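So you can see what is in the structure, the chains are spelled out below.
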Amino acid sequence: MTELASNGFDLVLAALILGAAVFAMSVRDLFGAVVFFIVYGVFVALAWLRLGAIDVALAEAALGAGLTGMLMIGAVARLARNTGPHGEDDSEEEAQPPVPSATPLAMRIPAMLAAAGVSVALGWAFLALTPAAGLRGPVADNLGASGVANPVTAVLLNFRGWDTLLESVVLLAALVGLWSLARDQDWGLRPGLRQHARANGVLATFGRLLPPFGLLLGIYLVWVGSYQPGGAFQGGTVLAAVWLLVMMAGLMPPPLVTSLRIRAVLVAGPLIFLAIGLIGALAGTFLGLPPAIAKPVTLLIEIALTLSIAATLALLVLGPPQSPLQLPSTPAAAS
Amino acid sequence: MLADTITVVFSAAGLLFFFAGTAGIIRFPDTLSRLHALTKADNVGLGLLIVGLAFQAPDWQSLGKLALIWVLALLAAGTTAQLVARSALSRRAPQAGPPAPLDEP
């Protein structure tokens, strides 16, 4: 009976994922498409949970659905602000309530066909693979030498630490690329739009209530990543969300892009990771961690990575530094 | 066995409320009434669902986590509903600007 129930649940979940994906691509209104994309991300996180990949489910829910969704909502808002309802560029005109853009059918059909094609190809390739045991055995054999009890963390930070180092550098490069979009005269300012939250309003209260829980959860996710699902990326995303909330509630201004402190925090993660790797290279293996000190060194790398990831993700969402006079102040910006 | 029955009953009641809330979102005429359906019905539905799940919790920590989830969901839903409502009101009357504080929270 429970097997029937779990199979039924899986089938319904698969149908929901496909349905959300189809709706995300066929909805005409851009904002609606982004909302369906976020819903799709949540369903995929549930699917990862059903497959037993809890770390991936956490990362999908936090980064795939949450943070990417936020980035895309910001992009849609920016697009709506700079173009009229019919797509023409009227950034010089008087303020109007931002109208979400609509994608014409001619652009949506090729996108749907491409997505369907990739899905079919991936599904066929997956079904054509011969079932293999994978790397679970070798990872389990070497888990003791890695100093952590969670095999995913061991793979991410120890056995395949090279990939994680490159990932953190890519994040930093994305932020540098985003900041390079700022106009020359805006360079020394604070990133993102001016926040207009009322001083004692609902958002400000929320921004005072939530951060203690958020900080606790973020730090816990990083700490527990050594022996249970969790880790630097998941914890870092929660911390980024807390910082974003505090900034959006008007309780703290975003840092100046020229501030040395924020640059130190951004660079700390990849730099410490790279430094430890180079020290290991002097001893014989690049990014090699001797089993005796593996646990504290892994923890050090994780803490540095978490801080960098949190700062980078929050600044990515905020956007490049902007002069406040550049944008019309819409009533919708007031909260 | 009794715990399972209670869980099913409460979860079914919660699902009914979610259903009603979704029907409200689809059928109500404007943003503010849709927000009513969204927040009231969905929060009660979530509460009933969590009460139902509480009977399956193996220890006090899980119970505490479920209660914390409910409180956080309530907080988030309430805050976002207020913000969306304020934005909808000011979009309706853009000349008036943000409305006078008729509800100081």
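One can find the structure itself at the top, above this paragraph.
The structure displayed is predicted, hence computed values, not measured ones.

Caption draft 1: Structural context of the overall build of chain A. Along chain A, the regular secondary structure elements total 11 helices and zero strands. The helix and strand sequence of chain A, counted from the amino end, reads α-α-α-α-α-α-α-α-α-α-α. Compactness check: chain A gives a C-alpha radius of gyration of 22 Å against a globular reference of 20 Å for 335 residues, within 12% of the reference. Considering only C-alpha atoms, chain A reaches an extent of 65 × 50 × 35 Å along its principal axes. Taken over 335 residues, chain A has a buried fraction of 35%. Counting only carbon and sulfur atoms, one obtains 73% of the accessible surface of chain A, whose full area is about 18600 Å². Each charge class in chain A can be summarised by its mean position, and for the 15 positive and 17 negative side chains these summaries are 8 Å apart.

Caption draft 2: Representation of the overall build of chain B within the structure. Scanning chain B from terminus to terminus reveals three helices and zero strands. Each helix and strand of chain B, placed in order from N terminus to C terminus, yields the pattern α-α-α. Going through the 105 residues of chain B one by one, you find that 25% of them count as buried. Of the contacts made within chain B by residues no fewer than 6 positions apart, 65% connect residues no fewer than 24 positions apart. Put simply, chain B shows about 6800 Å² of open surface, and 75% of that area lies on carbon and sulfur atoms.

Caption draft 3: Summary view of the packing of helix α9 (residues 232-248) of chain A against helix α11 (residues 294-318) of chain A. Residues and elements named next belong to chain A. α11 packs onto α9 with a crossing angle of 45° between their chain directions and a minimal axis gap of 7 Å. Regarding the angle of α9 to α11, the classification is oblique. Between α9 and α11 lies a crossing whose hand is right-handed. Facing A232, F233, G235, G236, T237, L239, A240, W243, L244 and M247 of α9, the residues of α11 in contact are E302, L305, T306, I309, A310, A311, L313, A314, L315, V317 and L318. Tallied by class, residues from the contact of α9 with α11 come to 16 nonpolar, four polar and one charged.

Caption draft 4: Quick look at the packing of aromatic side chains. Throughout the structure, instances matching the rule amount to five aromatic pairs over all chains. Between the aromatic rings of W162(A) and F286(A), the centroid separation amounts to 5.8 Å while the plane-to-plane angle is 70°, which identifies the pairing as edge-to-face. With a gap of 124 residues between them, W162(A) in helix α7 (residues 161-179) and F286(A) in the loop between α10 (260-283) and α11 connect regions that are remote in the sequence. Judged by relative accessible area, W162(A) falls into the partly exposed class, the value being 44%. Between F10(B) and F55(B), the ring centres sit 6.3 Å apart and the planes meet at 15°, which makes this aromatic pair stacked. Of this pair, F10(B) sits in helix α1 (residues 2-27) while F55(B) sits in the loop between α2 (31-54) and α3 (60-92), and the two are 45 residues apart along the sequence.

Caption draft 5: View of a nonpolar patch on the surface. A contiguous nonpolar patch, built from W162(A), L166(A), L274(A), L278(A) and F286(A) and spanning about 450 Å² of accessible area, is present on the exposed surface. If you list the elements that add at least two residues to the nonpolar patch, you get α7 and α10 of chain A.

Conventions we followed
Residues numbered from 1 in each chain as written. Chains lettered and ligands numbered in written order. Predicted model: local features only at pLDDT ≥ 70, side-chain atom pairs only at ≥ 80, totals over all residues. Heavy atoms only, no water. Helix = DSSP H or I, 4+ residues; strand = E, 2+ residues; numbered from the N terminus. Rg over C-alpha atoms; globule rule 2.2 N^0.38 Å. Buried < 20%, exposed > 50% of the residue type's maximum accessible area, 1.4 Å probe, protein only. Areas by Shrake-Rupley, 256 points an atom, 1.4 Å probe, with all protein chains shown as cover. Lys, Arg positive; Asp, Glu negative; His and termini not counted. Charge placed at Lys NZ, Arg CZ, Asp CG, Glu CD. Contact = heavy atoms within 4.5 Å. Axes fitted to C-alpha atoms, helices over the stretch in contact; angles between N-to-C directions. Parallel < 35°, antiparallel > 145°, perpendicular 65-115°, else oblique. Left-handed = near helix turned anticlockwise from the far one by under 90°. Nonpolar A, V, L, I, M, F, W, Y, C, P; charged D, E, K, R; others polar. Phe/Tyr/Trp six-rings, centres within 6.5 Å; stacked < 30°, edge-to-face > 60°. Patch = residues over 30% accessible without salt bridge, like charges linked within 9 Å, V, L, I, M, F, W, Y side chains within 5 Å. Salt bridge = Lys/Arg side-chain N within 4 Å of Asp/Glu carboxyl O.

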